[in-house]
Each structure stands twice: as structure tokens, then as C-alpha cells.
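Per-entry structural report
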Amino acid sequence: MAGRINDDDVKVVRDAVPIDTVVSEYLQLRPAGGGNMKGLCPFHDEKSPSFQVSPSKGLFHCFGCQEGGDTIAFVMKIDHLSFSETVERLAAKAGITLRYEEGGYNPTHQRGERIRLVEAHKAAADFYVEQLGGEEAAIGRKFLAERGFDQSAAEHFGVGYSPAGWDHLTRFLRGKGFSDKELLLAGLSQDGRRGPIDRFRGRLMWPIRDISGEVVGFGARKLRDDDNGPKYLNTPDTAIYKKSQVLYGVDLAKKDIAKASRAVVVEGYTDVMACHLAGITTAIATCGTAFGTDHIKILRRLLMDNGSARVIFTFDGDAAGQKAALRAFEDDQKFAAETYIAIAPDGMDPCELRLNKGDAAVQDLVEPRTPLFEFAIRQIVSRYDLETPAGRASALDEAGPIVARIKNGASQHEVAVQLAGILGILDTQFVVKRVAQMARWARDRGGRGPAGPASSSPSSPSPSSYASGQSPALSGPALNLRSPAHRTERELLKLALQRPELVSPAFDAYGVDEFTAPPYAAVRRAVEDAGGAEQGMASAPEYLAGVREAAPNDAVRALVTELAVEVFHGKTIDESYAGEQLVRVRLRAVDLRIHDVTSTLARLGTGADHERHQAVQNELWVLQQYRQSLRNSGAAAL
């Protein structure tokens, strides 16, 4: 068993490595007064820095999650190391030789697993770099040269080459004292028929380093046509490498990201190289996976969420790149920084751009950028025919929730105004109110619209069956018509199906969530999926057939048929009658929302956060004004 590290040596290590230097490898620190430093805590999600470091005391403490301790405790916590592993790691960085109480110097094979895996990767990285100069690696050097990378560029990024034989690296690392088990755990070797063989063979190799600069994995690029593997092959997830938690180039970019409050996210290893060589030293990339939540956490700690922070994505202009950008937007609101997308007009990636047009073109690429939310909205809107009211309404229904997710109220309002312009909807305030409504419902009802109790008769399907794949038999009305709200919703749906010319285009601008009865909401969705009520103005039979086809199951299909033939309750079915139904349904939705907001205000009480209290009061006032407008002006206020 390994001996205990000498206590005096532990003290020497603790004193030799300043805590602010170590912590700064993982997050950005700024002066906090009194000689202390502050940053965003790496141990829990927070928006305001509550994590403080005292260099003079050699301690850290988070006032949010209560984590604290010295340099050793920080490294143990953030890198999931044992005490001994941490001291050994810090000692190696400081050039300190440790003594062990029982048995003298600690044998290499007895050191901590993580330390051993990191050491194996460092040795492998050195081996690959040396191989890049050999005759066999000429194909790799040619690949780099063709993309504008010379020997100094390869050295700067540690690019190497893995020999094409079966076990060159495995034998080399065995000679360095690493066991087969360690090589398999590290992902550097894999099981073969006669024992471990190299995982990477005949490929160009990029070392992947964590934020502290340690090699934890590799990205390997195919070079030969007879290589049947994927174009890029990455290290599998191991004890030290999780692809969803690593950003390629972050070790080189972290200081400039923190200094400039800007990060440029590209798609591949050569793109990172091209950006850095062109002067964009804040470029980083994911390692064979989509940009996700864990990557955001890394960047947030470096950017520290100040108001001027920028994250710029430079995805390719092809369909795959656009899809990647939309995936990135899914997590957009987890940033406090503003997010942008920059796509070269000719669709070239940064590496191609530098090769064809030089460094200046790469630098220019990230300047005329488009806000990521605008890019996402335009991608969604482009699928609709904005020449028709139904197309504009459907585009609003899909793009509106995107805008509604913007947390900052002022930004949300501004983007909603832009959305109205993109859609060509002249009534800007309608779009603004609609987006605000979506935001409120998403916030207070977990994404659901205002829901009222649905009173089903025993012979009717349950409300949930309309949204599910069930197909119960219908007998009689779907809901009890004694409910005024449900009766009005039913009447409006009948108008949309039987007399669409009387309710278009207003009906198509109504959200599914404005129908409080789940069966009616399902019919509204079917109308929307069929192209909107406006479609019915051209050909009634084709329109109804389209709505029935769009219905998700037999229950909704049967209800569509029922509503399409049921007689109206009004004596005169004209625009005035249709306007009445439109207003009543909208008023019902607004009244429910006012009830919810009033309840929220009551729950907040006088001791609530002033900003939150004021926001709820403002929302209530806007709703009340809109309700009054509907009552005074009727359909003209829609």
C-alpha cells in the first residue's frame, strides 16, 4: 500500500501554489474588495458571483452553496480527486518532490487512477508529436499544409500522428510502465484478439486538453481511403474525459475569453487553429457533440456574465450547420451573454475562409454577425407563406414562443417588434401582446395556456384522450354545453369549420392555449395544422378533409365532423355574430390570466422583491386595459 505523504511536504505544496492562480484556471476572477477575488461558482449554477477567493488566506468560499476550503480542497472538489492525487498533481506543477512516510518514494504504479490516466495521455501526446515527423506521416503533414498549417502551427496545437500499425502506442506506453488495464481505461487502447491494440491508427491526432491544460483525450482525423472508420474518431468517455464537458482549445483561449468577454464557437479542430492563427484567439470548439448545457457552464465561468459578454457561433452555412445553430439556440437563455451567429456568405468554414481569402477574412467573419434569436426566428419563419394571413399567423404561433423565452422584458419587447416586421404584421402591438401572453403562460403554467375545468359526461371521451393516441367512441357532445366558456369555444370552432370567411384572419391568430377545453384545443390545433381557417375560404370540402386528416386520432376526427355539421345557436350568422364569439373566447382567456396574475400578486405580498412585484403589477395593468378595450370596442380591439 502507498505511504502517506509527509505532512511538511503537504504544507509546502499548499503554500507554493497560490489559490487564485489555481482557481483562475477554471473561472474568471475579478476584484471583490479587501484583497479578495470573486467569480461565478463552479459548484452550482448562479447568475451573480457569490464565490470568493482570498489569496492572502489561501482560501475560497461560496456564499451561495457554502462550499469552501483551501487550494487542495478546491482541486479535490472540481476534479473529483482524492487528497493524495490532488497533492501529487499540485506538487508536479510546482516541481516539488514528495516524501512518503511509509515506504519512501511512492511507486508510480500505486499513484491515483486519474493521475495515471492523465500521465498516460501526456506520454501519448508526446509520442504522437514525435511520429508526425516520420516518413509514414507525410500524408498527415500534407493534409495540414493543404489547409494552411505549417510545422510551427502543428507544434503550437500539439498536432501529432498515430502510426498505422496495430500496437505501436500500446507497446510504447507499456515501456513507460503503464499497465494494459490503465491503457484500456484511458481509451488509448482497445481489446484485440490477442490483447490490447491501439485505438487510433494511421490518423492525424489533436490532443484535447481540459481547462487546466491537461491532455484528457484525442480527436483523430482519417487520412486514407482504406480507413473504414468515421471521418473523425474521438476518445470514448472515460474517467477523465466527457465530451459533453470539454471544449477544444479552451486551455489556449481562456485568458483571452475572460479578457475580451467574448468567445467564438466553431465546429472543428482545424477551424480553431485557423481562427487562432488569424488572430481570433477566443475560438473554441466542441469535441464531436452538440454544444450543450455543460459547455455553457464552462463559458459562463470565463465570461462571468457581464453585460458586454458575447458568444458568437460560426456554424457552416449548410443545412447541418443551420440545424446545429438551432440546437444551440435551445440553450440560448442559459447565457447572460448575448449570442450571435456568423456565417460566411459563401458558406465556407473558418479554415476554408483563411485558406482562400486570408486572415483578414476570418477576422471579418465574426464582425457582421446576426443575433442567434433572429437567425432562429428567420429559419422558422422561412417555412411559412407570409403572403397569406394564415401563413403569418402560423409563423407567429411557432416563432412567438421562441421570443417569449427571452428573459429580459425590454429585450423581449424589442424582439417582438422585430418579429412583427419579419412576419409583415402591421399591428405591432398585437404581436407584442401575444408574445407577452405566451411568456406569462409558459412561466406560470409550465408552458400550458390557461386551463379551465372540463366537465365531461360519462358517455364522452376524457379530455386527455384527445391529445393521446386513444380513439374512444363518441356519443353526444364532447362536453357539457351548460358551461358558457365551452359553449362559446364550441361555437367559434363551428364558425371556423363551417363559415371560415366570417372569422378569418382573426381566428388563425388565436393560440391553441386560448381554448380551455382540451378537446377543443385539439380541434384548434388540427385547423392550424391544416393551414388555418383561411384555407376554407377557397374550397370547403377540401378544407374540412384537410382538417380531418390533420387530426391526431379518431376522437378528434369525430369531433371535427360533429362540429362541421352542428347547427349554430345564433339566429343570424354574420360578421357581427362571429365577432361576438371571437371576443368572448379572447375575453375568457384574458380573464383567466388576470385571475392568475392577481393571485400571484396576492401571494407575493408586500415583502416581495420590488422589481418582481412591479413587473406583476404592470402585467396586471396591461391585461386590465386590454380587457376594457375588448369590452368597449369588441372585435375591433382584437
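Heads up: these notes are all about the structure in this document. Values in this document were obtained by computation on a predicted structure and should not be read as measured data. Numbers given for residues are sequential positions, taken from 1 along each chain in its written order. For a predicted model such as this one, the threshold for reporting local features is a pLDDT of at least 70, and the threshold for listing and counting side-chain atom pairs is 80 or more; totals across whole chains, interfaces and linings nevertheless cover every residue. Computation of side-chain values: all heavy atoms of the structure, hydrogens and water removed.

Regarding the packing of helix α23 (residues 518-529) against helix α24 (residues 540-550)
- The angle between two axes is taken between their N-to-C directions and runs from 0 to 180 degrees, where each axis is a line fitted to C-alpha atoms and a helix contributes only its stretch in contact. Secondary structure is summarised from DSSP: a helix means a run of H or I of at least four residues, a strand means a run of E of at least two, and numbering begins at the N terminus for each. Taken N-terminus to C-terminus, the directions of α23 and α24 make an angle of 120°; their axes are 8 Å apart at the nearest point. As the angle between them shows, α23 and α24 are arranged oblique. Between α23 and α24 lies a crossing of right-handed hand. Residues A526, V527 and D529 of α23 pack against Y543, V547 and A550 of α24.
- Classification convention: Asp, Glu, Lys, Arg as charged; Ala, Val, Leu, Ile, Met, Phe, Trp, Tyr, Cys, Pro as nonpolar; all other residues, Gly among them, as polar. In the contact of α23 with α24, the residues fall into five nonpolar, no polar and one charged. With respect to orientation, any angle under 35 degrees is reported as roughly parallel, any angle over 145 as roughly antiparallel, any angle of 65 to 115 as roughly perpendicular, and every other angle as oblique. We call a crossing left-handed when the near helix sits turned anticlockwise from the far one by less than a right angle, and right-handed when that turn is clockwise. In what follows, residue pairs with any heavy atoms lying within 4.5 Å of each other are defined as contacts.

So, unusual backbone geometry
- At the junction of S504 and P505, the peptide bond is cis and its omega measures out at 5° in the coordinates.
- On the secondary structure map, P505 appears in the loop between α22 (500-503) and α23.
- Look at S261: it is not a glycine, yet its phi comes out positive at around 55°.
- Residue classification places S261 among the buried residues on the basis of a relative accessible area of 7%. Three exposure classes are used, based on accessible area relative to the maximum for each residue type with a 1.4 Å probe and protein chains only: buried under 20%, partly exposed in between, and exposed over 50%.

Describing the pairing of strand β9 (residues 203-209)
- Of all seven residues making up β9, six are buried, and the element is well covered by its neighbours.
- The sheet contact formed by strand β6 (residues 160-162) and β9 spans three bridges and is antiparallel. Within the sheet, the bridge partner assigned to S162 lies in β9 and is R203.
- Across seven bridges, the pairing between β9 and strand β10 (residues 215-222) is antiparallel. When the sheet's bridge partners are listed, R209 is paired in β10 with V215.
- A pair of strands is considered paired only if DSSP assigns at least 2 bridges between the two. Connecting the antiparallel pair β9 and β10 is a turn made up of five residues, with G213 showing a positive phi of about 100°.

Let's talk about the pairing of strand β13 (residues 262-266)
- Burial analysis of β13 places four of its five residues in the buried class, which makes it a mostly covered element.
- When β13 meets strand β15 (residues 310-313), the two strands line up parallel, connected through four bridges. Each bridged residue has a counterpart across the sheet, and for V264 the counterpart in β15 is I312.
- In this region the chain leaves β13, passes through helix α11 (residues 269-277) and returns to the parallel neighbour strand β14 (residues 283-286); the handedness of that crossover is right-handed. Here is how to tell: hold the view so the strands point away, follow the path from the first strand over the helix to the second, and if it runs clockwise the crossover is right-handed.

As for the sheet that holds β6
- Spatially, the four strands line up as an open sheet ordered β6-β9-β10-β11, and their pairing is antiparallel. This sheet does not close on itself; its edge strands, each paired only once, are β6 and β11 (232-234). Strand-to-strand twist of the sheet, defined as the mean angle between neighbouring strand axes without regard to direction, takes the value 35°.
- Here β10 runs beside β11; their pairing, made up of three bridges, is antiparallel. Residue pairing in the sheet places R221 in a bridge with Y232 of β11.
- Across the sheet, helix α5 (residues 113-131) lies against β6, β9 and β10, angled at about 35° from β10, the strand it touches most.
- In the packing of α11 onto the sheet, the strands contacted are β9, β10 and β11, and the crossing angle to β9 comes to about 70°.

Thoughts on the pattern of salt bridges
- Salt bridge, as applied in this entry: a Lys or Arg side-chain nitrogen positioned within 4 Å of an Asp or Glu carboxyl oxygen. Scanning the model with the defined rule gives 31 salt bridges in all.
- For R434, the salt bridge goes to D513, with nearest N and O atoms at 3.6 Å. With R434 in helix α19 (residues 428-444) and D513 in the loop between α22 and α23, this residue pair connects regions lying 79 residues apart in the sequence.
- Judged by relative accessible area, R434 falls into the buried class, the value being 3%.
- We note a salt bridge from E501 to R499, for which the minimum N-O separation is 2.6 Å.
- Residue classification places E501 among the partly exposed residues on the basis of a relative accessible area of 35%.
- In this structure R499 comes out as partly exposed when scored by relative accessible area, which is 29%.
- Among the ionic contacts, a cluster of salt bridges with common partners joins R434, D513, E514 and R586.

Structural measurements only, silent on function.
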